[in-house]
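Reading the structure
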Amino acid sequence: VKKREIFELKAELNSDKKEKKKEAVKKVIASMTVGKDVSALFPDVVNCMQTDNLELKKLVYLYLMNYAKSQPDMAIMAVNTFVKDCEDPNPLIRALAVRTMGCIRVDKITEYLCEPLRKCLKDEDPYVRKTAAVCVAKLHDINAQLVEDQGFLDTLKDLISDSNPMVVANAVAALSEIAESHPNSNLLDLNPQTINKLLTALNECTEWGQIFILDCLANYTPRDDRESQSICERVTPRLSHANSAVVLSAVKVLMKFMEMLPKDLDYYGTLLKKLAPPLVTLLSAEPELQYVALRNINLIVQKRPEILKHEMKVFFVKYNDPIYVKLEKLDIMIRLASQANIAQVLAELKEYATEVDVDFVRKAVRAIGRCAIKVEQSAERCVSTLLDLIQTKVNYVVQEAIVVIKDIFRKYPNKYESVIATLCENLDSLDEPEARAAMIWIVGEYAERIDNADELLESFLEGFHDESTQVQLQLLTAIVKLFLKKPTETQELVQQVLSLATQDSDNPDLRDRGYIYWRLLSTDPVAAKEVVLAEKPLISEETDLIEPTLLDELICHIGTLASVYHKPPSAFVEGGRGVQHKRLPARAGSGESAESPDVGQAVSAVSDAPPAVIPSQGDLLGDLLNLDLAPPTSNVPPVPSSMQMGAMDLLGGGLDSLVGLQCSSLMVSSVLGGAPVGMPAGLGAAPAVGGGLGDLFDLGGGVGVTAGSYIPPKTVWLPAMKAKGLEISGTFARRSGVIHMDLSFTNKAMSVMTDFAIQFNKNSFGLAPAGPLQVLTPLSPNQTVDVSLPLSTTGPVMKMEPLNNLQVAVKNNIDVFYFSCQYPISLLFVEDGKMDRQVFLATWKDIPSENEAQFQIKDCHLNSDAASNKLQGSNIFTVAKRTVDTQDMLYQSVKLTNGIWMLAELRIQTGNPNSTLSVKCRAPEVSQYVYQCYELILRN
């Protein structure tokens, strides 16, 4: 703003005339709104606060909120006026003052806020109380400690019993907001009395107040089906509300509480009937709202298809629906398709397949195939409909039809193969990889029925190197099938494809498959026939259903972004603040506990350092994708305060590039399927790829002297075929109190590899690299280099499943690769783990008996002294020893790097190879892994 303008405004703001003042403040606000800097007028605007005019006051407060942050010292001048305004006879001014104070995010001012806020929370006017309730949440965000010390949270809890429904709604909203940032605080202590008050307030709230209360109800777990039914009865009237957000919140509560109602209850059937009309009504809104409603309905239909089974017609597509609504409706139509309505559905789908919108037509053709697979009685009609569509000769329709017919063949073998001739006529028009691959599969699978199968496949072979990988793999398999069915005529063809796949291709998947077929055919043609021409399992009807536990979680998030994305909040809420995993309550009489287990309870220990509490596991795939893989610059690994999404680009293909990681949201490398390679036989479930398990002791000398602890052989953690030629094998060791990850990098590719970096995902014990990965040389083809990476235990912590799972990302100049491995818990046993006898005795008594776990160690032929010496090499210390008859009892202590103490009693009977181990710990989930270490050390 020009100096002249500032000068003029200054003069007007200090004018004696009220009207002139008001106009000047309006001009200031107008300049501020368009982004001009008018902060120089701060003192003059603040002076205008002393007025009875509500309009002028609002404008001045608006200015204050905007500039208080940049002028904190000046903002303190306004505090007195705030305090005065909080005692003004006009409730609107009292509320305005407390609202503005909550919006000024300046630490210096917050302490002056407490007294006025306390008065406003107990104000006789409900408008002031409801504004003050929200102010507590804002203040908590700025200074949580202050709010707790001043006792505002208790006052807020009291407001839930307020006589005014809007105050109740705002108190619930404020407490929910605070509880989200402190998941373990148990602020909203919901009990039947509180629920009753919330339900009473529900009927008289504004629509947003109703949403706050309904969302709060959805977090409550009723004690039994009767309470569940009574809540449902009182929430049901909200289904007829005009606001769609209220309707969806009510649906969420009902869907959750229905879980607890027995299905044979009359009320259950009534409730199902009542849920359909509101959902149907949502579809008459504008397209954007329809889309949100459809995404939610998609979840509801997967959970309870019976709700909308008679409402198929409302999902029929209208000519003027936007494409995103059309595709969603199509998806729901297939989910609702049944024998009763299939004729209607097919007639509709055939109509859609002649539309002009290419994406929609493709999806419609696919839908016809899905109907055939889902409703067996309709398969014949679906196939004839698909053949009619193929006759239209529209290129993209033909290609989609061929892809779905392949699936129909797999579902109903030896039924519809008569159509193959028609498919073969369209061979030349196929140009999309998926359609070409489907056609090749059909020719290979039914080669004995197609006279010129060899010519057809040969025609594809001419441009083999220009085809996509999907087509190349399919062609290789199809020609091998053909050879096994007609060996005499196709010998040249099979040799040609095998040499193309193995010698001329640089795709490791294709090469590997080629070599396998080559070896199979050359060594044992009978086995080859059994493998390649084996019976195929029938494909299931719904392949795109959401996994049940995820579906249950999404049902708990109906009406939020999670229900639109179909992803849990932890997958897209950055930093994971306030993201709690929700789940549906257990059905009545199922024997499951309706309470959700408390994950990662606080673990106390006999130690000054507070032990780390292991947080629960989030969306690990998402976490690893957010890792920034630049090598750390200093020796101390930086602990990121919140993982940034910016690192996404690094990974190019996003989730798709995570080869072989198909397990739910966990990354588990295929190596961990059974016992890891290189482990002693008979140790199937022992902790994988262990290290630091000292067993080389001098057992002759009474007091055992450790001669370097035992390190298991390296195992392959990342096979070359999954990492574009990079093979990583490794093991773990504890040397001189430092944990090491010993790695071998082998380059099995054709090009040089450089720029190595490593990053760990959050894990149960905070393992992280203590420095950059030092791979000194460029790694040439066929070269192996060994690296020892020191690890610290100060990284970010998150509870893993299993507890000792470690997920690793390694980057080089080619790509980023992921694998997971398991480390023996003995790595974390520290050298100062020997507990004083008295402390041991007191702690053993103090730990509750239900935390004690007993294990059998079999085939251990050691006496107690040898066992004690051996265990001491791995930092398992004997505190005391007692002998009763022929049984020795060793009392032992172990301390983990995060301060958790484990106490153990090992009973060794002379002449008996089986010993008994009892483990006591405040974190009982660790006991199992400690037992595995004992077993590995003693039997090694």
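Counting starts from 1 at the beginning of each chain's written sequence and moves along it residue by residue. Per-residue local features are limited, in this predicted model, to residues with pLDDT of at least 70; the limit for side-chain atom pairs, both in listing and counting, is 80 or more; totals at the level of whole chains, interfaces and linings are taken over all residues. Only hydrogens and water are set aside; all other atoms, that is, all heavy atoms of the structure, feed into the side-chain values.

**A word on helix α29 (residues 508-523)**
Secondary structure elements follow DSSP: runs of H or I of four or more residues count as helices, runs of E of two or more count as strands, with numbering from the N terminus. One fewer than the residue count of a helix, multiplied by 1.5 Å, yields its expected span. Taking 1.5 Å of rise per residue, the 16 residues of α29 would be expected to cover 22 Å, and the 22 Å separating its terminal C-alpha atoms lies within 8% of that figure. Buried residues are those whose accessible area, probed at 1.4 Å on protein chains only, stays under 20% of the maximum for their type, while exposed residues exceed 50% and partly exposed ones sit between those limits. Those residues of α29 that fall on the buried side of the exposure criterion are Leu510, Gly514, Tyr517, Leu520 and Leu521. The buried residues of α29 occupy an angular sector of 135° when projected down its axis, which confines them to one face. Turned more than 90 degrees from where α29 packs its buried face, Ile516, Arg519, Ser522 and Thr523 sit exposed. It only takes one pair of heavy atoms within 4.5 Å for two residues to be counted as in contact. Against α27 (469-485), α28 (491-502) and α30 (525-532) lie the buried residues of α29. Directions pointing from the helix axis toward each C-beta atom define the arc.

**Regarding the pairing of strand β12 (residues 901-909)**
Within β12, seven of the nine residues are buried, which leaves the element mostly enclosed by the surrounding structure. In this scheme, strands are said to pair when DSSP sees at least two bridges between them. In this sheet, β12 lies alongside strand β11 (residues 887-895) in antiparallel orientation, the contact comprising nine bridges. Residue pairing in the sheet places valine 894 in a bridge with methionine 902 of β12. Between the antiparallel neighbours β11 and β12 lie five residues, among them glycine 899 with a positive phi of about 90°.

**Brief notes about the sheet that holds strand β10 (residues 877-884)**
Pairing is antiparallel in the open sheet, where five strands are placed in the order β9-β13-β12-β11-β10. Only two strands of the sheet have a single neighbouring strand rather than two, namely β9 (852-857) and β10. Ignoring which end each strand starts from, the neighbouring axes of this sheet average 20° apart. Across six bridges, β9 lies against strand β13 (residues 915-921) in antiparallel orientation. All axes are obtained by fitting lines to C-alpha atoms, using only the stretch in contact for helices, and the reported angles, taken between N-to-C directions, cover 0 to 180 degrees.

**Brief notes about the environment of valine 808**
Within the fold, valine 808 resides in strand β7 (residues 805-811). Under the relative-accessibility criterion, valine 808 is labelled buried at 0%. Residues valine 808 and phenylalanine 760, spaced 48 residues apart in sequence, show a C-alpha to C-alpha distance of 4.6 Å. The residues touching valine 808, leaving out its near neighbours within four places in the chain, are Met741, Ile758, Gln759, Phe760, Phe817, Tyr818, Phe819 and Cys821.

**Section: a negative patch on the surface**
Taken together, the side chains of Glu455, Glu458, Glu462 and Glu492 present a region of like negative charge at the surface. With respect to the element layout, glutamate 462 can be found in the loop between α26 (453-461) and α27. Here the term patch refers to residues with relative accessible area over 30% and no salt bridge, with like charges joined within 9 Å and nonpolar side chains (Val, Leu, Ile, Met, Phe, Trp, Tyr) within 5 Å. Note on areas: Shrake-Rupley with a 1.4 Å probe; residue coverage comes only from the protein chains shown. Any carboxyl oxygen of Asp or Glu that lies within 4 Å of a side-chain nitrogen of Lys or Arg is treated as forming a salt bridge with it. Note that His is not counted, nor are the chain ends; the positive residues are Lys and Arg, and the negative ones are Asp and Glu. Every charge is mapped onto a representative atom, which is NZ of Lys, CZ of Arg, CG of Asp or CD of Glu.

**Let's talk about the packing of helix α21 (residues 358-374) against helix α22 (residues 379-391)**
Two elements in contact, α21 and α22, have axes separated by 8 Å at closest approach and are oriented at 155°. Considering their axes alone, α21 and α22 lie roughly antiparallel with respect to each other. In terms of crossing hand, the pair formed by α21 and α22 is left-handed. Contact with α21, carried on its side by Val365, Ile368, Cys371 and Ala372, involves Ala379, Cys382, Thr385, Leu386 and Leu389 of α22 and no other residues of that element. Under the scheme applied, nonpolar residues are Ala, Val, Leu, Ile, Met, Phe, Trp, Tyr, Cys and Pro; charged residues are Asp, Glu, Lys and Arg; polar residues are all the others, including Gly. A class-by-class count of the residues in the contact of α21 with α22 yields eight nonpolar, one polar and no charged. An angle below 35 degrees is read as roughly parallel, one above 145 as roughly antiparallel, one from 65 to 115 as roughly perpendicular, and any other as oblique. Left-handed describes a crossing whose near helix is turned anticlockwise from the far helix by less than a right angle; the clockwise case is right-handed.

**Points about helix α16 (residues 244-258)**
Counted at 1.5 Å a residue, the expected span for α16 with its 15 residues is 21 Å, and the 21 Å between its end C-alpha atoms agrees. Burial runs high along α16: 13 of the 15 residues are buried. Polar contact is the term for a pair of N or O atoms within 3.5 Å; when the atoms are in protein, one must be able to donate a hydrogen and the other to accept it, and sequence-neighboring residues count only if both atoms are side-chain atoms. Of the residues flanking the start of α16, the one acting as N-cap is asparagine 243, its side-chain oxygen 2.8 Å from the backbone nitrogen of alanine 245.

**Description of the confidence of the model for the protein chain**
This prediction gives the protein chain a mean pLDDT of 80; 85% of its residues lie at or above 70. Confidence of the prediction at every residue is given by pLDDT, a number between 0 and 100. In the predicted structure, residues 589-707 sits below a pLDDT of 50 and forms 245 contacts with residues beyond four places in sequence or in another chain.

**A few points about the sheet that holds strand β1 (residues 715-718)**
An order of β1-β2-β3-β6-β5 is seen for the five strands of this open sheet, with the pairing classed as antiparallel. Unpaired on one side and paired on the other, β1 and β5 (768-769) mark the two borders of the sheet. Relative to strand β6 (residues 784-792), strand β3 (residues 738-747) runs antiparallel, the two being bridged by eight bridges. For isoleucine 739, the partnering residue across the bridge sits in β6 and is leucine 791.

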